[in-house]
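A look at the structure
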Amino acid sequence: MGREYERILKCLECVRARTDFHPKAALILGSGLGDYGESIQLECTLDYSEIEGFPVSTVPGHKGRFLFGYVAGVPIVAMQGRVHYYEGYPMADVVLPIRLMKLMGAEILFLTNAAGGVNEAFAPGDLMLIRDQISDFVPSPLIGENIEEFGPRFPDMSHIYDENLQEILRSGAAELGIPLREGIYLQFTGPNYESPAEIRMSRILGADAVGMSTACEAVAANHMGMKICGISCISNMAAGISQKPLNHTEVQEAADRAAPLFKKLVTESIRRMGAL
Ligand code: HPA
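No experiment lies behind these values; they were computed from the predicted model shown.

This part covers the overall build of the chain. Scanning the chain from terminus to terminus reveals 6 helices and 9 strands. For the chain, the C-alpha radius of gyration of 17 Å lies close to 19 Å, the compact-globule estimate for 276 residues. Out of the 276 residues in the chain, the part that is buried amounts to 55%. Put simply, of all contacts in the chain between residues at least 6 apart along the chain, 83% involve residues at least 24 apart. In the form shown here, the chain has an accessible surface area of approximately 11700 Å², with 51% of it arising from carbon and sulfur atoms. Across the chain, 24 positive and 34 negative side-chain charges occur, with their mean positions spaced 3 Å apart.

Rendered as structure tokens:
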């Protein structure tokens, strides 16, 4: 057994000392969904700081804890606060929570984030179903000794985002009357926002939205064979599209404004996942 796998098993032991909750789905709460905990019938919470060897986030506004409970009767674990690569953690730390949630029992990973709109047909407040991604601007979380217990050395990435889950998100949005955009998510390292030239490059590469999380998490989850889906909340148009400089507070506020619809969509989607 490799050292990294051993470390994750230790984390699992800490979790199991507190709860034997077995989630069906793991939900990552991005900006705007910070208070989604109110929509969960909570069984228990666990601060990241209580888990030995677990990386703890430093971003203001990101609480660091796992929420265990039920959404529409479906057992889930939600991450309130994630760890970002730009905080200085190695990629192994950034994806450790994803791997841990898989070991808790989660077969589905539901990713959410706030992102900058690159597609000029988008507008702030739009929700975008992630169809595929570009992760090449950050190191792969799979670099280094392969964790055989999780998956193969050279995993296929042809279908990172599960087709059935995409359909669930689409039909959930349609039933709720929530317009749902679709597109490609591109991850940059951050923490700086992009330059207008970088956004033009992203568009040429086929991106519809850019952000500082998510793609590396999806790579690690796909390696382990999890079924993945994701939604980006377009909190702002990316650099150079509008002439306004970007700032974190305004991005956060825009994500908060979109939150009510975002939460409804997440709940309805999880309800539908219960039937899988
Ligand atoms: N760029 C990168 N990440 C982001 C943005 C952006 O414009 N908005 C929210 N997260």
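Quick look at the packing of aromatic side chains now. The tally for this structure, following the rule as stated, stands at 8 aromatic pairs. Taken together, F21, Y48, F54, F66, F68 and Y70 form an aromatic cluster joined through their ring pairs.

Let us look at a nonpolar patch on the surface. A cluster of nonpolar side chains, contributed by F137, M201 and L205, occupies part of the molecular surface with about 230 Å² of accessible area. Relative to the assigned elements, L205 resides in helix α4 (residues 196-205).

With that settled, the discussion passes to the site of the ligand. Every residue close to the ligand is listed here: A114, A115, G116, Y193, E194, V210, G211, M212, S235, N236, L246 and V251. Between the ligand and A114, the relevant distance is 3.4 Å, taken from a nitrogen atom to a main-chain nitrogen or oxygen of the residue. N236 has a polar side-chain atom sitting 2.7 Å from a nitrogen atom of the ligand. Coverage of the ligand by the protein chains reaches 94% of its 260 Å² of free accessible surface.

Burial analysis of strand β3 (residues 65-71) places 5 of its 7 residues in the buried class, the great majority of the element. Strand direction decides the pairing type here: strand β2 (residues 41-47) and β3, joined by 6 bridges, are antiparallel. Paired with L46 across the two strands is F66, which belongs to β3. Pairing of β3 with strand β4 (residues 74-80), which is carried by 7 bridges, proceeds in the antiparallel orientation. Residue pairing for β4: R65 is matched across the bridge by Q80. Hairpin connection, β3 to β4: the antiparallel pair is bridged by 2 residues, and A72 has positive phi, about 50 degrees.

Glancing now at the packing of helix α1 (residues 3-18) against helix α2 (residues 91-104). In the contact formed by α1 and α2, the axes pass within 10 Å of each other and the chain directions differ by 55 degrees. Comparing their axes, α2 and α1 come out oblique. When the axes of α1 and α2 are compared, the crossing they make is right-handed. Here E4, Y5, R7, I8, L9, C11, L12, V15 and R16 of α1 come into contact with α2, specifically with A92, D93, L96, R99, L100, L103 and M104. In terms of residue class, the contact of α1 with α2 is built from 11 nonpolar, no polar and 5 charged.

A separate point is α2. The end-to-end C-alpha distance of α2 is 20 Å, a good match for the 20 Å that 14 residues give at a rise of 1.5 Å each. Among the residues of α2, M91, D93, V94, V95, L96, P97, I98, R99, L100, M101 and M104 are the ones counted as buried. In this structure, the buried side of α2 is in contact with α1, β1 (25-29), β3, β4, β5 (108-117) and α5 (215-223). Following α2 by one or two positions, G105 adopts a phi angle in the positive range, close to 125 degrees.

Before going further, it helps to spend a moment on unusual backbone geometry. Here the amide bond leading from G190 into P191 is cis, since omega sits at 5 degrees, within 30 degrees of zero. The residue P191 is located in the loop between β7 (180-187) and α4 in this model. In this structure, A72 is a non-glycine residue whose phi angle is positive, near 50 degrees. Residue A72 is classed as partly exposed on the basis of its relative accessible area, which comes to 40%.

Cut-offs applied
- Residues numbered from 1 in each chain as written.
- Predicted model: local features only at pLDDT ≥ 70, side-chain atom pairs only at ≥ 80, totals over all residues.
- Heavy atoms only, no water.
- Helix = DSSP H or I, 4+ residues; strand = E, 2+ residues; numbered from the N terminus.
- Rg over C-alpha atoms; globule rule 2.2 N^0.38 Å.
- Buried < 20%, exposed > 50% of the residue type's maximum accessible area, 1.4 Å probe, protein only.
- Contact = heavy atoms within 4.5 Å.
- Areas by Shrake-Rupley, 256 points an atom, 1.4 Å probe, with all protein chains shown as cover.
- Lys, Arg positive; Asp, Glu negative; His and termini not counted.
- Charge placed at Lys NZ, Arg CZ, Asp CG, Glu CD.
- Phe/Tyr/Trp six-rings, centres within 6.5 Å; stacked < 30°, edge-to-face > 60°.
- Patch = residues over 30% accessible without salt bridge, like charges linked within 9 Å, V, L, I, M, F, W, Y side chains within 5 Å.
- Salt bridge = Lys/Arg side-chain N within 4 Å of Asp/Glu carboxyl O.
- Near = heavy atom within 4 Å.
- Polar contact = N/O pair within 3.5 Å; in protein donor to acceptor, adjacent residues only side chain to side chain.
- Pairing = 2+ DSSP bridges.
- Axes fitted to C-alpha atoms, helices over the stretch in contact; angles between N-to-C directions.
- Parallel < 35°, antiparallel > 145°, perpendicular 65-115°, else oblique.
- Left-handed = near helix turned anticlockwise from the far one by under 90°.
- Nonpolar A, V, L, I, M, F, W, Y, C, P; charged D, E, K, R; others polar.
- Expected span 1.5 Å × (residues − 1).

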